[in-house]
Amino acid sequence: MSDDDADAGGGGGIKKRSRSSPDDRPIIITGPQDADYPYIPLLGNDDLALLILARLPLSDHPSLRLVSRRHRRLVSSGALYPLRRSLGLRGDPSVFLLAGGEPRWRSFDPRSRAPPRVLPVLPSDTCFASGDKESICAGTHLLVFGKEIGGLAVWRYELVPDRWARGPAMADPRCLFGSANCGSFACIAGGIGEGPRLEVLNSVEMYCPETRSWTSLPRMMKRRKLCSGCFMDGRFYVIGGKDEHDRHLTCGEFFDFRRNVWTLVRDMIKDAQSAITIATSRSPPLLAVVDDELYKLEAETNLLKVYLKEGNCWRELGRVPVWADRSRGWGVAFKSLGDELLVMGSSMDGGGMVICTCKPDLVSGVLDWRVLGNGVGRREGPFVFNCSVMIA
């Protein structure tokens, strides 16, 4: 046995022969060992420990809770996330998913082999649980919007401390809106308001996870429902949808946070939308932004396209490995996954759900789709009800 090998010790302790000390006398550590390892100088201070833990992927945090009581306390304190932001660290994206056949939300890291994590039961009423829902992530919060027996409601899942809470309610409760994760906050625009009139809205609200509150922003230039939102070049875009007269909108508009104004972009999606005649059941535009480039999954053709800002037109890149036209875009998740695109939906061979990522090469136009798996749940069907990506 070498000097680095461990020997099982008697007397209720552990004996280990380490490398020799400078005076050639072996160092022997005996006695019971505390799982919190208080003798390690580097972790003897909470500030130092947090600096180390902050650099580990978010997917490792559930495991860190099991290391020791001290690790669990540090990870559960919520101090890691503002520290990561102050250090300029971007976390690995976590996908929050509610799919067909699964009664509860799951979260998973597509780039990790770690198994998906089942979230606590959302304590809503049966109307909310069984009805249509919409979702968006902001910071370490997942917001889920739907209708309860008493009206439109918002539920909030907090990564720390791993639980659901009600609200906060928006100033203008709504559904079928456009939304986007805008860094440390989220924006929601348009949609259909609450009440018998079912008014199509142009109001906009911003959610701040630190204060758990909504702030009203200037109204859009157009009233929109069934629209899509995205965050590109530091601006909040709202694109497509239908107006108060149920007419399809081919224009988009963006909100400039510095100037506090909206700017209209005419015919932003004219090539895809103008040819549609059965649009009453079509999903909102499937849009995602990677490296400030806007991509669209055209559900009617299963084609991936990139938006050319200078020409206000779209360039075709190729097909996606999901059957998006099967249900006119519904049940498909098309999201930004950090520096990649993420698509989830029914596989082309009808074998259930497929999960793929791709980082398009805009110079060569090559699409190299990487299949990550065929579902993340045991009873999961190919239809995605809700999907949001959290980068904390």
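Placed above this text is the structure.
Quick notes on the rules
Residues numbered from 1 in each chain as written. Predicted model: local features only at pLDDT ≥ 70, side-chain atom pairs only at ≥ 80, totals over all residues. Heavy atoms only, no water. Helix = DSSP H or I, 4+ residues; strand = E, 2+ residues; numbered from the N terminus. Buried < 20%, exposed > 50% of the residue type's maximum accessible area, 1.4 Å probe, protein only. Pairing = 2+ DSSP bridges. Phe/Tyr/Trp six-rings, centres within 6.5 Å; stacked < 30°, edge-to-face > 60°. Arc of directions from axis to C-beta. Contact = heavy atoms within 4.5 Å. Salt bridge = Lys/Arg side-chain N within 4 Å of Asp/Glu carboxyl O.

Chemist: Talk me through the environment of Leu317; I want residue IDs and the actual numbers.
Modeler: Its place among the elements puts Leu317 in strand S24 (residues 313–319). Looking at Leu317, the relative accessible area reads 12%, which means it is buried. For the pair Leu317 and Asp361, spaced 44 residues apart in sequence, the C-alpha separation works out to 9.3 Å.

Chemist: Quick rundown of unusual backbone geometry? Include the residues and the values.
Modeler: Residues Val160 and Pro161 are joined by a peptide bond in cis, for which omega reads 20°. For Asp233, which is not a glycine, the phi torsion comes out positive at approximately 55°. The residue Asp233 is located in the loop between strand S17 (228–232) and strand S18 (235–239) in this model. In this structure, Asn302 is a non-glycine residue whose phi angle is positive, near 65°.

Chemist: Please set out the pairing of strand S26 (residues 340–346) residue by residue, giving values where relevant.
Modeler: Along S26, seven of the seven residues are buried, which leaves the element largely enclosed by surrounding structure. Sheet analysis places strand S25 (residues 333–337) next to S26, joined by five bridges and oriented antiparallel. Each residue of the ladder has a partner; that of Leu337, found in S26, is Glu340. In this structure, the hairpin formed by S25 and S26 is closed by a connection of two residues, where Gly338 is found at a positive phi of approximately 70°. Both S26 and strand S27 (residues 353–358) contribute to a ladder of six bridges, which runs antiparallel.

Chemist: Let's hear about the packing of aromatic side chains: which residues, and what values?
Modeler: Inspection of the entire model under this criterion finds 13 aromatic pairs. Residues Phe145 and Phe177 carry aromatic rings whose centres are separated by 5.0 Å and whose planes lie at 75° to one another, so their mutual orientation is edge-to-face. Here Phe145 is found in strand S8 (residues 141–148), whereas its partner Phe177 is found in the loop between strand S11 (174–175) and strand S12 (178–181), with 32 residues between them in sequence. Note on accessibility: Phe145 and Phe177 belong to one class, buried. Measuring from centroid to centroid gives 5.1 Å for Phe383 and Phe385, while their planes differ by 55°, and the two rings are tilted.

Chemist: With reference to specific residues and values, describe helix H1 (residues 46–53).
Modeler: All of the buried residues along H1 are Ala49, Leu50 and Leu53. Looking down the long axis of H1, one finds its buried residues gathered within 100° of arc, a one-sided arrangement.

Chemist: Provide a residue-level description of the environment of Leu89, including the pertinent values.
Modeler: Relative to the helices and strands, Leu89 is located in the loop between helix H4 (80–86) and strand S4 (94–99). Separated by 34 residues in sequence, Leu89 and Arg55 have C-alpha atoms that sit 7.5 Å apart. Residues in contact with Leu89, not counting those within four places in the same chain, are Ala54, Arg55 and Arg84.

Chemist: Lay out the pattern of salt bridges with the relevant residues and their values.
Modeler: Counted under the stated rule, the structure contains 18 salt bridges. Glu253 serves as the salt-bridge partner of Arg224, at 3.1 Å between the closest nitrogen and oxygen. Here Arg224, found in the loop between strand S16 (213–217) and S17, pairs with Glu253, found in strand S19 (residues 252–256); they are 29 residues apart in sequence, far enough to count as distant. Judged by relative accessible area, which is 0%, Arg224 ranks as buried.

So, to be careful, I would describe these as geometric facts and stop short of saying anything about function.
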